[in-house]
2 protein chains.
Amino acid sequence: MSTNPTMNDVARTAGVALKTVSRFVNGETNINPLLAARIADAIVALGYRRNLAAARIRPGWTSKILGLVISDHANPYYSALTRAIEQTVRARGYLLISASSEEDGPTFDRVVERLLEQRVDGLIVVPPRSPGRPWAQVMPPIPPLVVLDRPSDAADADTILADNAGGSELAVQTLIAGGAHRIAFIGDSLQLYTMRERFAGYKAALTVAGHAVDDALVATDAHSHEDARASVIRLMREGNPDAIFAANNRAAIGSLFAFRELGHRIPMIAFDDFEAAQLAEPPISVVTQNITEMGHLAAERVIDRATGGEKTPTTTVLPTALVLRGSELPDDILIEKV
Amino acid sequence: MSTNPTMNDVARTAGVALKTVSRFVNGETNINPLLAARIADAIVALGYRRNLAAARIRPGWTSKILGLVISDHANPYYSALTRAIEQTVRARGYLLISASSEEDGPTFDRVVERLLEQRVDGLIVVPPRSPGRPWAQVMPPIPPLVVLDRPSDAADADTILADNAGGSELAVQTLIAGGAHRIAFIGDSLQLYTMRERFAGYKAALTVAGHAVDDALVATDAHSHEDARASVIRLMREGNPDAIFAANNRAAIGSLFAFRELGHRIPMIAFDDFEAAQLAEPPISVVTQNITEMGHLAAERVIDRATGGEKTPTTTVLPTALVLRGSELPDDILIEKV
């Protein structure tokens, strides 16, 4: 026998119908105030607490939980995204479960399966670098799904992306306008959708300006800032670049370490802002994503679908912005400006 | 009628007892291999998936979920802690729900209540800056509880802290050994346990060395790096400090911005490592916590208690380490060394 009071106990003590207690507990407001007061008294007297774990298995009830799968808790980009999603989700009365795939397909699959076992009301996911199983092979029921940052093969999902190609093209155009034409691309694996898009923007800017795309200036092995540092040192010794487009924040930090080690810098613009960017000398110019807007939109979309709203899957591409702080300029122009 | 297959359906299709299916689904290994193969086939054929939300309300089953409440998803200290906890929790077959209090007592109380409604198997919490309700007022049942980073009033909780006072005392001793005696303390509110401890370590080092503690050199309003920057500029103009002890990473970043604005630096050591520390010129010396060890220990402790292990609450204080990188030295000694 359970020692926890149930909704039935509350109904009996308050002398009202079970259905009325249920409506009260779910936060409905159109309840006779006298009955509501008796229910509230009974809840306090009995020490009743909702059991949302149990609620999920009753028809018409929901867990009030949303699941989020990001790539890495320790990457500031995903921390900021998690924070933005949590704030919106909480304002709408939901709890967010967040977990990470560590960019690994099988881990992603296991985490998604655990969230489905938990009967979440909706899922927001960032697909991992190495793909997991196709969504068509995931056993139904699958709750409303929003895919973030990178597209997926899910047929019935909303997708929210940033304008990676456009932001990168503008950054590289800016370096070209400053006089550069041998611009290095330092980034992560082109297996990643975002990297392919940023690389496409880089190539487009060079091509439009009539400059060759030189493979000797492209490094796509920068998973960490240590890897990026080594690539930049190698390229600056052997490839004679006159500027750097750092395609993520680890590439940017690695470049700063390389500049220090080599004793000189060349112009640079980075994709995604990072804490150290404004502390560098000169401060680093960046392409920024509106992470707060992306998280907010994802949370709104998944809750709308979970509560019976819009059912047609949409793809939204959010604009990026270029923030110029000085690092895009060569030293001689920087000194003139001072 | 449910359209989802149940464990009963699996048992019927496989021609085995329900209890055997239950043991199989829970990962037990001492099952007749022939029966296990039949159960596995039936699970695939029927498309059965565990319902852990429902499992929690059956006696003897658990949700296999642990709850974590941190202060802020966007603070790198808590992101690293979340990652360490998640890795340990996952290795033991649990899912981690993480949520943040944003340092606010009422928000902390609401989040804890939501996790209890979800019937988590255990809770790991960082108490918020402004205290929530006393734990004695939280309605039972409360699952095993581990309190991290700051102590709480919970009677039956394990507590894991870092040696904030000892690490700070050593940092300030190091600044004194380098010739400083008017050392500024830049930190957050002394309402925070960790700040009180770091301030105690600062005072102890000064007192042992025979130096006065000058209130004009103490700023405890550094909630953000902008606040810290303003305090450092004010203190360096009015208080004549000869070194800085930055009591958290925002205080350190604020100090770096202030140094740039003022055009000169003084020796500094910071509590907690941060991404920009190694990029600064000179690189910033820091007191580091073993965040991975703290997260690992918290996860192990809560799972051990949730699975019937050790019941006596313990308090563990983890050591800190001083990492010297150059910023603890005055410019004249730094230049001699080069």
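None of these values were measured; they are calculated from a predicted model. (Residues numbered from 1 in each chain as written. Chains lettered and ligands numbered in written order. Predicted model: local features only at pLDDT ≥ 70, side-chain atom pairs only at ≥ 80, totals over all residues. Heavy atoms only, no water.)

Draft legend 1. The packing of aromatic side chains, seen in detail. All names here are of chain A. Within the structure shown, the criterion is met by 12 aromatic pairs over all chains. Summarising the aromatic geometry, the rings of Phe108 and Trp135 are spaced 6.4 Å apart at their centres and angled 85° between planes, so their arrangement reads as edge-to-face. Highlighted residues: Phe108 in helix H6 (residues 105-117) and Trp135 in the loop between strand E3 (122-125) and strand E4 (145-148), separated in sequence by 27 residues. Ring-pair connections join several aromatic residues into one group, and the members of that group are Phe185, Phe199, Tyr202 and Phe245. The ring of Tyr94 has Lys64 lying over it, and the distance from NZ or CZ to the ring centre is 4.9 Å. Sitting over the ring of Phe271, Arg198 keeps its end group 3.8 Å from the ring centre. (Phe/Tyr/Trp six-rings, centres within 6.5 Å; stacked < 30°, edge-to-face > 60°. Helix = DSSP H or I, 4+ residues; strand = E, 2+ residues; numbered from the N terminus. Lys NZ or Arg CZ within 6 Å of the ring centre and 35° of its normal.)

Draft legend 2. Seen up close, the relation of the copies chain B and chain A. Once chain B has been moved 0.1 Å along the axis and rotated by 180°, it coincides with chain A to within an RMSD of 0.2 Å. The transformation just described matches what one would write down for a two-fold rotation axis. A share of 100% of the interface residues of chain B reappears at the interface of chain A, consistent with the copies meeting face to face through the same patch. (Least-squares fit on C-alpha atoms with pLDDT ≥ 70 in both. Contact = heavy atoms within 4.5 Å.)

Draft legend 3. Inspection of the sheet that holds strand E6 (residues 183-186) of chain B at higher detail. Residues and elements named next belong to chain B. Strands sit in the order E7-E6-E8-E9-E10-E12 across an open sheet of six strands; the sheet is mixed. Strand pairing shows two members of the sheet lacking a second neighbour, strand E7 (218-219) and strand E12 (320-323), which therefore form its edges. Sheet topology places E6 next to E7; two bridges connect them, and they run parallel. Of the residues in E7, the one forming a bridge with Ile186 is Ala219. (Pairing = 2+ DSSP bridges.)

Draft legend 4. The arrangement of the side chain of Asn164(B) in detail. Residue and element names in this part refer to chain B. Tracing the sequence through the fold places Asn164 in helix H7 (residues 164-177). Within polar-contact distance, the side chain of Asn164 engages the side chain of Arg198 at 2.9 Å. Apart from residues no more than four positions distant in its own chain, Asn164 is found in contact with Tyr193, Thr194, Glu197, Arg198 and Phe271. (Polar contact = N/O pair within 3.5 Å; in protein donor to acceptor, adjacent residues only side chain to side chain.)

Draft legend 5. Representation of the domain arrangement of chain A. When cut into domains, chain A gives domain 1 (7-50), domain 2 (65-159 + 292-313) and domain 3 (164-290 + 323-337). Spacing between the C-alpha centres of domain 1 of chain A and domain 3 of chain A amounts to 62 Å. (Domains from an automatic or database assignment.)

Draft legend 6. Expanded view of the pattern of salt bridges. Residues and elements named next belong to chain A. Following the criterion strictly, the structure yields 38 salt bridges over all chains and no others. Residue Glu113 is joined to Arg133 by a salt bridge in which the shortest nitrogen-to-oxygen separation is 3.2 Å. In this pair, Glu113 is assigned in helix H6 and Arg133 in the loop between E3 and E4, connecting sequence segments 20 residues apart. Glu113 gets classed as buried once you look at its relative accessible area, which sits at 19%. Overall, Arg133 belongs to the partly exposed group, its relative accessible area being 26%. Arg325 is the salt-bridge partner of Asp273, the closest N and O atoms lying 2.9 Å from each other. (Salt bridge = Lys/Arg side-chain N within 4 Å of Asp/Glu carboxyl O. Buried < 20%, exposed > 50% of the residue type's maximum accessible area, 1.4 Å probe, protein only.)

Draft legend 7. Molecular detail of helix H1 (residues 7-14) of chain A. Residue and element names in this part refer to chain A. Those residues of H1 that fall on the buried side of the exposure criterion are Met7, Val10, Ala11 and Ala14. Looking down the long axis of H1, one finds its buried residues gathered within 100° of arc, a one-sided arrangement. Elements that come into contact with the buried residues of H1 comprise helix H2 (18-25) and helix H3 (33-46). Two or three places before Asn8, at the start of H1, stands the capping residue Thr6, its side-chain oxygen 3.2 Å from that residue's backbone nitrogen. Two residues or fewer past H1, Gly15 is found with a positive phi of approximately 70°. (Arc of directions from axis to C-beta.)

Draft legend 8. Region of the structure containing the environment of Ala270(A). Residue and element names in this part refer to chain A. Turning to its location among the elements, Ala270 is positioned in strand E9 (residues 268-271). Along the primary structure Ala270 and Ser285 are separated by 15 residues, whereas in three dimensions their C-alpha atoms are 6.4 Å apart. Beyond its immediate sequence surroundings of up to four residues, Ala270 is in contact with Ala246, Ala252, Ile284, Ser285, Val286 and Val287.

Draft legend 9. Structural context of the pairing of strand E9 (residues 268-271) of chain B. Residue and element names in this part refer to chain B. The side-chain alternation of E9 yields two buried faces, one formed by Met268 and Ala270 and the other by Ile269 and Phe271. Bridge count between strand E8 (residues 243-246) and E9: three bridges; the pairing is parallel. Note on E9: the bridge partner recorded for Ile244 is Met268. For the crossover that starts at E8, traverses helix H10 (residues 249-262) and ends in the parallel E9, the hand is right-handed. (Right-handed = clockwise from strand over helix to strand, strands pointing away.)

Draft legend 10. Quick peek at the packing of H1(A) against H2(A). Residue and element names in this part refer to chain A. Where H1 meets H2, the closest approach of the two axes is 9 Å, and the angle between their N-to-C directions is 110°. Classified by the interaxial angle, the pair formed by H1 and H2 is roughly perpendicular. You can see that H1 and H2 cross each other, and the crossing is right-handed. Where H1 approaches H2, its residues Met7, Asn8, Val10 and Ala11 are matched on the opposing element by Leu18, Val21, Ser22 and Val25. In the contact of H1 with H2, the residues fall into six nonpolar, two polar and no charged. (Axes fitted to C-alpha atoms, helices over the stretch in contact; angles between N-to-C directions. Parallel < 35°, antiparallel > 145°, perpendicular 65-115°, else oblique. Left-handed = near helix turned anticlockwise from the far one by under 90°. Nonpolar A, V, L, I, M, F, W, Y, C, P; charged D, E, K, R; others polar.)

Draft legend 11. Main features of the sheet that holds strand E2 (residues 95-100) of chain A. Residue and element names in this part refer to chain A. With parallel pairing, six strands are arranged side by side in an open sheet as E2-E1-E3-E4-E5-E11. Each edge of the open sheet carries a strand with a single partner, namely E2 and strand E11 (315-318). Strand-to-strand twist across the sheet, computed as the mean angle between neighbouring axes with direction ignored, equals 15°. Across four bridges, the pairing between E4 and strand E5 (residues 157-162) is parallel. From the neighbouring strand, Val146 faces E5, where its bridge partner is Asp158.

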